[in-house]
Amino acid sequence: MTVRITPLPEPAAPPVPDGGLGALSTEKGNLPLDSVDVHAAVTGLAASVTVVQGFRNPFDVPLEATYVFPLPDRAAVTSLRMEAADRVVEGVLKERGQARQEYDTAIASGRRAAIAEADRPDVFTMRAGNILPGERVTVHLVLNQPLPFEAASTGDVDTTGETGEATTSGEATFRFPLVVPPRYIPGAALDDDAAGTGYASDTDAVPDASRITPPVLLPGFPNPVALSLAVDIDPGALPLTEIRSALHVVAEESGDDSAGGRTTVRLHPGERLNRDFILRLVYAAPAEGDASLTLAPDAEGDEGTFTLTVLPSAEAAPARPRDVVLALDRSYSMHGWKMVAARRAAARIVDTFTPDDRFTVMSFDNTVEFPPELGSSLSPGTDRNRFRAVEHLATVNARGGTEMLEPLSRAATLLGASAPGRDRVLVLVTDGQVGNEDQILGRLTPVLRDVRVHTVGIDRAVNAGFLNRLASVGGGHCELVESEDRLDEAMERVHHRVGTPLATDLALRPDGLELLTDTIAPQRLGAIFPGVPLVVTGRYRGEPSGTVVLHGRAPDGSPREHRAQGVRTDAPMSAALWARAHLRDLEDRYAAHASDDLEQRIVATSLRFGVLCRFTAFVAVDTRVATDGSTPHRVTQPVELPDGWDQSAGYGMPVAAASMPAAGSAPMAPGGPPVPPAPSAYSAPAAPRAMPARPAGPYRGSLYRGLVEDDMDGDAYLVDDEVDVPDFLKGDTTPPPSPPAPRPPAPRRARRRTGPSDVPPARRSDRPAGSPGFGGTPATPKPGPRPTGPNPQDPKREEELTDPFAAKPADTAAEPAVVPPLPNAADLPWPVNVLREELDRMKAVVESDRAAYLLDHSLPFLSDLLSGGRPVSPQVSASITKLHKDIENYRTLAPSETSLAEVTTKLWTTLTTTLEACIRTHIPLPPAPEAPNTPAPNTPQEPTQPPTTPRTPFWKRPT
């Protein structure tokens, strides 16, 4: 077999800035991580990968090395092995707190140990301790990952072969990340011990920020890590026609006929760990859509794993009217080619709109902006409006920080008010470099039920984990763009997905096979898009035989189904791949609605199937004592700045250099305030070593806050790019606007503690990203106007809220109470803001659509309230229960159309009043105002809350 390897020319290396005196050598030697070896075996559409990390101790005392590194976000890490000298120690998967305790105990007793923890689906932390002077320790990780596959468009169909069968090409992608980029860290700094050793402070929005922000190497530092990467490709039953490497130069070694047509691709030596490794495999695939069902029984027991794959045709479905919100990230990390590509991508999407569609475009950094002539509402997709939108996009430049939560919340609210019968689509164009992923998902998940979310990630080291999670929660798809050369191809795919899907309202119906429905992943099946396979995995019980039918609804409302007959197979990695997908769904549910029961389920699933997750960790502990038990010298491995990022900007984080400036000095960021010195990775050992210094001033709690964009070339990309804009705009060379002025340091405040006090110490954990939920204390709302009137603790006030619609006796002698307006949703804590957003949606519903809205939207919303999915005040629960019953039966209450309209109006008024009352009971009331020159009246005191036992965040166990 002959496979064509698409050549990738070696790009001309840009001049490297001077790394500074001492950058080429250090007094104590080089960094502890000296090698990373990746070997992948691709079989069909899955890959088994072994990652070997080599740590060497260049010091004259024992060393503990910490390395923050990425892995594919869909990969299932299934084993760890540590090798040192003549010792080989197999790792064991345990609950995270227990694993960390065993590791700390081993280090304190002088034994070698290693521990691997997951901080994000694609960000991990490795610690290897008690490495003897001059000794080398290797840690082996084994993981399995699926390869995403997508068929080409119907225009590429060829008739080949003797049978004349129509075939088309399809493309599978093997992506392996190699660096954790700097991330924007929003929120106020916490007054607590740091969770990790990174440069960013932990904040209320990102409580583990110090675990995902490793120090960054100084530009010009010599390649500190020897990288080797090889991929063995066995196409199996799929004819492999081409292999393309996107960002690296590779060499190909073809196997002989006895090897079954296998091909090995190797990375050229000398490459740095500063961008993703991307290999695209082009296969010949059937032109028509098909479905397959594989059943892999467990080695023991009567259960197994099923995998249903539906490959639809690439033919587009008939268009339906759409409401689309396009959100464009213009933060400082998008500077350079990424901003150019993002503008082009957004313009391409706008160009697909028709007059039947409605849309709006928002660009965001620290603020949210809309096209001036279109505003923030949805506008028809006319030629004039599309021209205005593209005209606005042409002026967008990189600046500020990635405040992503507010624009996405506004987009979801705007789409939630859309009229029935229209597709609601949110498209996010970004590099995804934020640290508050859990906070964003927790806030958005409840409001994305009727909205389809597509993400377009643009970067050479993109945050694929977050973008895939957001698209999965929104029932959409994620497309990653690593270069401008691939932009056109990627946007062609996005065009098909933003359009009308082939089928929606998907559901599985087994025939002769017992499916365990609570194990199906993804949890939201979403929709079927042209040429995009839908892969559904889960668990079954009983004999591995039967049929599964995927039912859906076509755009015209007709039923559509795909039937697959089960085929028994021996696929050992299928259970691990399902477990990783299922754990990812459970972790996202935990981010939205944290509970101890859900945490226990996550841990139990992880331990049963041997797959690492955020609540477990692999730990390997040697039985031999190697040191005297003194505290080892601790070093955190600095990482590369991603390729394509502006090396002179600094991005608000300190860089690790071989030699530090003199005391009291600080390097200057271009055009901005000084960046504090970084903790040196080469300083003499200290026992114990204190936490590394953190950025001060405007850099606390933020990566890009307070930076001034430097004027290297103005923004010359506007002159030569191919943004789809009018010709007279292409010559605009106006320099990009500066980001906002530096904000004062965020006040530090105590970490909020939530949760019951009876949680066992070994099982305690806070919710990721600081999202308060039910069963705990709500987050403190932002300062703002507070409602006046009776105290909610007052019995009379409680009686009013129990039935807020009852008539009140008139009191002519008393002054009428002044009830201030409710705060905006953005000023309320989650999840109270969800109720405020529902009120905003109801205001946008016209009177003629209220009856349908009550049945189709309000009834499920109230069911969620009563089931515990939203905060329900005890004072209004009776009203909500009665209201839910009335909406269910309101057609029987109205014998005529006239009375039906009257009942609808009454129920609508009652619903709005109930929601408002529920919101007000969750807003803290201020004390009564004091009159001038008079003592303040006595006010009832708030009841004292019993003290609760603080819960340790799962990323800091044990304390």
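Above this note sits the structure.
Just so you know, these numbers come straight off a predicted model, no measurement behind them.

Criteria and thresholds
- Residues numbered from 1 in each chain as written.
- Predicted model: local features only at pLDDT ≥ 70, side-chain atom pairs only at ≥ 80, totals over all residues.
- Heavy atoms only, no water.
- Helix = DSSP H or I, 4+ residues; strand = E, 2+ residues; numbered from the N terminus.
- Contact = heavy atoms within 4.5 Å.
- Buried < 20%, exposed > 50% of the residue type's maximum accessible area, 1.4 Å probe, protein only.
- Pairing = 2+ DSSP bridges.
- Phe/Tyr/Trp six-rings, centres within 6.5 Å; stacked < 30°, edge-to-face > 60°.
- Lys NZ or Arg CZ within 6 Å of the ring centre and 35° of its normal.
- Axes fitted to C-alpha atoms, helices over the stretch in contact; angles between N-to-C directions.
- Parallel < 35°, antiparallel > 145°, perpendicular 65-115°, else oblique.
- Left-handed = near helix turned anticlockwise from the far one by under 90°.
- Polar contact = N/O pair within 3.5 Å; in protein donor to acceptor, adjacent residues only side chain to side chain.
- Nonpolar A, V, L, I, M, F, W, Y, C, P; charged D, E, K, R; others polar.

1. Digging into the environment of Val-324
Here Val-324 is to be found in strand E22 (residues 322-329). Along the primary structure Val-324 and Val-451 are separated by 127 residues, whereas in three dimensions their C-alpha atoms are 9.6 Å apart. With residues near it in sequence (within four places) discarded, Val-324 still touches Phe-353, Arg-358, Phe-359, Thr-360, Leu-378, Leu-415, Val-425 and Val-427.

2. A closer look at the pairing of strand E21 (residues 303-311)
Successive side chains on a regular strand alternate, one facing one side of the sheet and the next facing the other. Buried residues dominate E21, accounting for eight of its nine residues. Judged from the eight bridges that link them, strand E20 (residues 290-297) and E21 form a sheet pairing that is antiparallel. Paired with Ala-291 across the strands is Val-310, a residue of E21. Hairpin connection between E20 and E21: a loop of five residues separates the two successive antiparallel strands, and Gly-301 in this loop has a positive phi of roughly 90 degrees. Sheet analysis places E21 next to strand E31 (residues 534-541), joined by eight bridges and oriented antiparallel. Of the residues in E31, the one forming a bridge with Phe-306 is Gly-538.

3. With respect to the packing of aromatic side chains
Within the structure shown, the criterion is met by eight aromatic pairs. An aromatic cluster is defined as three or more aromatic residues linked by ring pairs; in this entry it consists of Tyr-67, Phe-69 and Phe-124. Above the ring of Trp-578, the side-chain terminus of Arg-539 is found at 5.7 Å from the ring centroid.

4. Concerning the packing of helix H4 (residues 405-416) against helix H5 (residues 437-444)
Running from N to C, H4 and H5 cross one another at 15 degrees; their axes reach a closest spacing of 10 Å. Put simply, H4 runs roughly parallel to H5. For the pair H4 and H5, the sense of crossing is right-handed. Residue-level contacts link Leu-405, Leu-408 and Ser-409 of H4 to Gln-439, Ile-440, Arg-443 and Leu-444 of H5.

5. Considerations on the side chain of Arg-836
Relative to the assigned elements, Arg-836 resides in helix H13 (residues 832-843). Owing to a relative accessible area of 7%, Arg-836 belongs among the buried residues under this scheme. Within the structure, the side chain of Arg-836 is placed 2.8 Å from the side chain of Asp-840, a separation counted as a polar contact.

6. Some thoughts on the packing of helix H2 (residues 337-350) against helix H7 (residues 487-498)
The N-to-C vectors of H2 and H7 enclose an angle of 35 degrees; their axes lie 10 Å apart at closest approach. As H2 runs across H7, the sense of the crossing is right-handed. Listed contacts from H7 to Ala-341, Arg-344, Ala-345, Arg-348 and Ile-349 of H2 are Leu-487, Asp-488, Met-491, Glu-492 and Val-494. Its residues assigned to classes, the contact of H2 with H7 comprises six nonpolar, no polar and four charged.

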